[in-house]
Amino acid sequence: IIDGQLVKGAHRAAAEVGHMIIVPDGLPCGCGNKGCAEAYAGGANYPKQIEKRIAAGEPTLMAQIAKKYGAIDGRVLFEAYTLGDDMAVQMLAQITWALGTLYYNIYKVLDNNCFVLGGGLTNIGQPLFSGIEETFLSLWRGKATEDVIHFKKAHFSSDEIGIYGAFLAAKYAN
């Protein structure tokens, strides 16, 4: 949404920012490309990376914590991170690097000063947001001020945003 208007794009694919390539020939993404931000930070992809590392024998608390939730997800990552688990710390660093890099590139196109983030990972809170901001500012070459950029958590939950998105899609269908 830019200036209150839903931007659809010529092919109705505007805002598929998770599929912007941040690492040429990088990790494979579910879209079939390599190096997309989603391959590094997406909720469908980082758990697979963790599972692969666990299967390779890397030690982590996440294998045990996942039993409580039924699968590896943001809750597992956050709980292991708060316990100082090395793999969780590394994975959160990868996620915040990917998102900070992605948002910096979007900023260079739009010159916006705020990003609103949604999804389960935002429940991690300050470690997620400060990591994203740290990466963003490491790429930004201007004068550092508090007003450079803001990263905020979406008001709606992941479940609510789907309902609101469906409403907007129906409203702007024409």
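Residues numbered from 1 in each chain as written. Predicted model: local features only at pLDDT ≥ 70, side-chain atom pairs only at ≥ 80, totals over all residues. Heavy atoms only, no water.

### What to know about the overall build of the chain
(1) Moving on: Tallying secondary structure elements over the chain gives seven helices and two strands in all.
(2) Moving on: Reading the chain from its N end, one meets helices and strands in the order α-α-α-α-α-β-α-β-α.
(3) Moving on: Among the 174 residues that make up the chain, the fraction classed as buried is 34%.
(4) Moving on: In the chain, the proportion of contacts linking residues at least 24 apart, taken out of those at least 6 apart, comes to 53%.
(5) Moving on: Carbon together with sulfur atoms contributes 55% to the accessible area of the chain, which is approximately 10,600 Å² in total. (Helix = DSSP H or I, 4+ residues; strand = E, 2+ residues; numbered from the N terminus. Buried < 20%, exposed > 50% of the residue type's maximum accessible area, 1.4 Å probe, protein only. Contact = heavy atoms within 4.5 Å. Areas by Shrake-Rupley, 256 points an atom, 1.4 Å probe, with all protein chains shown as cover.)

### Overview of the pattern of salt bridges
(1) Moving on: Taken as a whole and assessed by the stated rule, the structure comprises four salt bridges.
(2) Moving on: The salt bridge involving Asp25 is made with Lys34; its shortest N-O contact spans 3.8 Å.
(3) Moving on: Residue Asp25 is classed as exposed on the basis of its relative accessible area, which comes to 65%.
(4) Moving on: Assessed through its relative accessible area of 41%, Lys34 is described here as partly exposed.
(5) Moving on: Glu79 is paired through a salt bridge with Lys68; the nearest N and O atoms lie 3.0 Å apart. Of this pair, Glu79 sits in helix α4 (residues 74–82) while Lys68 sits in helix α3 (residues 62–69), and the two are 11 residues apart along the sequence. (Salt bridge = Lys/Arg side-chain N within 4 Å of Asp/Glu carboxyl O.)

### Describing the side chain of Arg53
(1) Moving on: Looking at the secondary structure, you find Arg53 in helix α2 (residues 46–55).
(2) Moving on: Look past the residues within four positions of Arg53 in its chain and what remains in contact with it is Glu58, Met87, Gln90 and Met91.

These figures capture arrangement, not role.
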